[in-house]
Each structure stands twice: as structure tokens, then as C-alpha cells.
Amino acid sequence: DLSKVQILREWKNIDILILLENVVVCIENKVLSKEHSNQLNRYREIINENFKDYRKTYVFLTPEGDLSDNETETYEPISYNFIIETLERIISVYGESVND
């Protein structure tokens, strides 16, 4: 049920945080920069502390879907193209019921 989804930007320095009923998605978006200061591990710790009973997903979003240098076991690499294709599929199926 996506009617109660919350999307937060720059929450505790996490680029994008998506909250559903019992799911949290942590997205680190990298454009023209690299990981630094152990940030992905810190973000994972923040999520684990604040969302103990949630199912957790971690995304490393880059234009080309590059792997993280340090967190390949935890962060799923996703490209911008994948996001565009997924949104297009969602709109084609649920377009009439999706609000602006």
C-alpha cells in the first residue's frame, strides 16, 4: 500500500529515505563524487538504530549503476536508467490512481 509512503530528503545526511508501514529504503545518490568518510556504514548504523523492526533496503544510486567501493554486501547498485524504466512501468499500470 503506497498511500502512506513518506519520502524524506537529507534526513540525517541520507540523500533519500523512503518509509512505508514496516519498510525503510535508504538511498545514497552519487553524481560526480565518490563515497567518503565511511558514510555508507554510518547511514546503515543510523537506519538500524532508528528503524529496528523495519525491513531494510540499501541502495547505491549512480548514473551507471556502479558498485559501492566499501559496502557491496549491503548496498544494491542501481542506475538512473533502472529508476526511469521502473517508474514508467508503474505509471503505465497505476497511472490513473497515482497522485501528482
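Residues numbered from 1 in each chain as written. Predicted model: local features only at pLDDT ≥ 70, side-chain atom pairs only at ≥ 80, totals over all residues. Heavy atoms only, no water.

Colleague: Could you give an account of the overall build of the chain, with specific residues and numbers?
Modeller: In terms of regular secondary structure, the chain is built from two helices and five strands. Counted from the first residue to the last, the chain has its helices and strands arranged as β-β-β-α-β-β-α. Seen through its C-alpha atoms, the chain measures out along the principal axes to roughly 45 × 30 × 20 Å. In the chain, buried positions account for 29% of the 100 residues. Within the chain, counting contacts between residues at least 6 apart in sequence, those at least 24 apart form 43% of the total. For the chain, the accessible area works out to roughly 7300 Å², and carbon and sulfur atoms hold 49% of it. (Helix = DSSP H or I, 4+ residues; strand = E, 2+ residues; numbered from the N terminus. Buried < 20%, exposed > 50% of the residue type's maximum accessible area, 1.4 Å probe, protein only. Contact = heavy atoms within 4.5 Å. Areas by Shrake-Rupley, 256 points an atom, 1.4 Å probe, with all protein chains shown as cover.)

Colleague: Could you give an account of the pairing of strand β3 (residues 23-29), with specific residues and numbers?
Modeller: Within β3, six of the seven residues are buried, which leaves the element mostly enclosed by the surrounding structure. The pairing of strand β2 (residues 14-19) with β3 spans four bridges and is classified as antiparallel. Within β3, the residue paired with isoleucine 18 across the bridge is valine 25. As paired strands, β3 and strand β4 (residues 55-62) are joined by seven bridges and run parallel to one another. Counted as the bridge partner of glutamate 28 is phenylalanine 60 from β4. Between the parallel elements β3 and β4, the chain passes through helix α1 (residues 39-50) in a crossover that is right-handed. (Pairing = 2+ DSSP bridges. Right-handed = clockwise from strand over helix to strand, strands pointing away.)

Colleague: Account for the pattern of salt bridges, with residues named and values stated.
Modeller: Summed over all chains, the structure comprises two salt bridges. Between lysine 30 and glutamate 28 there is a salt bridge, and its shortest N-O distance comes to 3.3 Å. Across this residue pair, the class does not change: lysine 30 and glutamate 28 are buried. In this structure, arginine 44 engages glutamate 71 in a salt bridge whose closest nitrogen and oxygen atoms are separated by 3.5 Å. Note that arginine 44 is positioned in helix α1 and glutamate 71 in the loop between β4 and β5 (75-79), a separation of 27 residues in sequence. Judged by its relative accessible area of 10%, glutamate 71 falls in the buried class. (Salt bridge = Lys/Arg side-chain N within 4 Å of Asp/Glu carboxyl O.)

Colleague: Any chance you could break down the packing of aromatic side chains for me, citing the residues and the numbers?
Modeller: Applying the stated criterion across every chain yields a total of three aromatic pairs. Their ring planes at 75 degrees and their centres at 5.1 Å tell us that phenylalanine 51 and tyrosine 54 sit as a pair that is edge-to-face. Judged by its relative accessible area of 28%, tyrosine 54 falls in the partly exposed class. (Phe/Tyr/Trp six-rings, centres within 6.5 Å; stacked < 30°, edge-to-face > 60°.)

Colleague: Which residues make up the confidence of the model for the chain, and what values do they have?
Modeller: For the chain, mean pLDDT is 91; residues scoring 70 or higher make up 95% of the total. No element of the chain has a lower mean pLDDT than helix α2 (residues 80-94), at 91, and none a higher one than β3, at 97. (pLDDT = per-residue confidence, 0-100.)

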